[in-house]
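A closer look at the structure
As a plain string of letters, each chain reads:
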Amino acid sequence: MKRILMAICWAIITCLPSYAHAASTPIRVVATFSILGDMARQIGGDSAVIKTLVGPDGDAHTYKPTPHDSLALASADLVIVNGFGMEGWIDRLVSASGFKGRVVIVSEGVSPRQIDEEDGADGSHGHHHGNIHGGKAIDPHAWQDISNARIYARNIAAALVKVRPSDSATIMARAASYDAELEALDRWVKAEIGSIAPQKRKIITSHDAFGYFGASYGVSFLSPQGLSTEVEPTATEAAKLIEQMKTEKIKRVFFESMASPKLVKQLAKDAGASVGEPVYSDALSKESGPAATYVAMIRHNVTLFKAAMALNGQ
């Protein structure tokens, strides 16, 4: 009997290391694009390992999934998506991969910005190719309003805790710290934009990705393309925007990191404006760039926007 008890104890002891290892294995998370990947990394810390499908400077609107993406999903515990029609390819990828884990839509709880299918926020262009409901296009770029980014972060934290309850204290502590950072960032943006006279707060970007930012912080954004980068503007739409730039004396235009600068350079040339440094809307920069995290992206964009708006009307 003594030998049997000793054998049982030995079996339990030898199993303990492998059990502990399994319990400490990071949560395998797949994020659809780099902004969401960064948020998951900030909150997950050592509790999660993050795979991002559309990396730095990538365009999630036009992305074509690869077989490697399917394999990544097949072995994932959690998939993080934006929703609002941003990733039109994600449902097919999830189905093809056989993914059986949890899909979290981080925009859940956000009030969507809706635009008439034929008109932009300023009435200057159409062709949005967004998620259409009853003639309205839903703008998917909700993270550009920091208050929405805080909702994203809370949804990510809740999803991570659901997958790994044993790490809930650590995850929630990181989430609280990140939320405080976002709250401070929001105050900074309001102060920076608030220092510019309201009549000067107009910005030209290559596609309509900053509507939530504009609505939250009081900036008018004009763009030759709609919500998606897939459709080129017509000659009439471009001419109308050029005329508006001349009339309102908008002196600097911006293209986004994942977009071709060709269209914006032509607009600037025709309107007598200059082209600013790249801004970041749908993707972060590489690690060595100026927008390697969501927080750095917002600070980079706002700094450039503020300098450009100061020139308007001159």
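For the structure given in this document, a descriptive report is provided here.

**What to know about the side chain of Ser285**
Looking at the element boundaries, Ser285 is found in the loop between strand 11 (274–275) and helix 10 (294–311). Looking at Ser285, its side chain comes within polar contact range of the main-chain nitrogen of Ala291, at 2.8 Å. Among all residues touching Ser285, those that are not within four sequence positions of it are Pro56, Asp57, Tyr280, Pro290, Ala291 and Ala292.

**Details of the environment of Met172**
Take Met172: it is sitting in helix 6 (residues 168–194). Taking the relative accessible area as the measure of exposure, Met172 reaches 43% and is therefore partly exposed. Between the C-alpha atom of Met172 and that of Arg154, which follows or precedes it by 18 residues, the distance is 9.1 Å.

**Points about the packing of aromatic side chains**
Counted under the stated rule, the structure contains nine aromatic pairs. For the ring pair Phe210 and Phe305, a centre distance of 5.3 Å and an interplane angle of 85 degrees mean the geometry is edge-to-face. Taken together, the residues span a long stretch of sequence, with Phe210 in the loop between strand 8 (202–205) and helix 7 (211–217) and Phe305 in helix 10 at a distance of 95 residues. Here the aromatic residues Phe210, Phe213, Tyr217, Phe221, Phe254 and Phe305 are joined through ring pairs into a cluster of three or more. Above the plane of the ring of Trp188 lies Arg299, whose end atom (NZ or CZ) is 4.5 Å from the centre.

**Considering unusual backbone geometry**
Positive phi, close to 60 degrees, is recorded for Phe84, a residue that is not glycine. One can find Phe84 in the loop between strand 3 (78–81) and helix 4 (90–97). The backbone of Lys249 sits at a positive phi, close to 55 degrees, despite the residue not being glycine. As for its position among the elements, Lys249 is in the loop between helix 8 (235–248) and strand 10 (252–254). The class of Lys249 is partly exposed, set by a relative accessible area of 42%.

**Description of the packing of helix 2 (residues 34–44) against helix 6**
When two helices pack together, their arrangement is captured by the angle between the axes and the distance separating the axes. Two elements in contact, helix 2 and helix 6, have axes separated by 7 Å at closest approach and are oriented at 120 degrees. Put simply, helix 2 runs oblique to helix 6. For the pair helix 2 and helix 6, contact is made by Asp38, Met39, Arg41, Gln42, Ile43 and Gly44 and by Ile171, Arg174, Ala175 and Tyr178, respectively. Residues of the contact of helix 2 with helix 6, tallied by class, amount to five nonpolar, two polar and three charged.

Rules behind the numbers
Residues numbered from 1 in each chain as written. Predicted model: local features only at pLDDT ≥ 70, side-chain atom pairs only at ≥ 80, totals over all residues. Heavy atoms only, no water. Helix = DSSP H or I, 4+ residues; strand = E, 2+ residues; numbered from the N terminus. Polar contact = N/O pair within 3.5 Å; in protein donor to acceptor, adjacent residues only side chain to side chain. Contact = heavy atoms within 4.5 Å. Buried < 20%, exposed > 50% of the residue type's maximum accessible area, 1.4 Å probe, protein only. Phe/Tyr/Trp six-rings, centres within 6.5 Å; stacked < 30°, edge-to-face > 60°. Lys NZ or Arg CZ within 6 Å of the ring centre and 35° of its normal. Axes fitted to C-alpha atoms, helices over the stretch in contact; angles between N-to-C directions. Parallel < 35°, antiparallel > 145°, perpendicular 65-115°, else oblique. Nonpolar A, V, L, I, M, F, W, Y, C, P; charged D, E, K, R; others polar.

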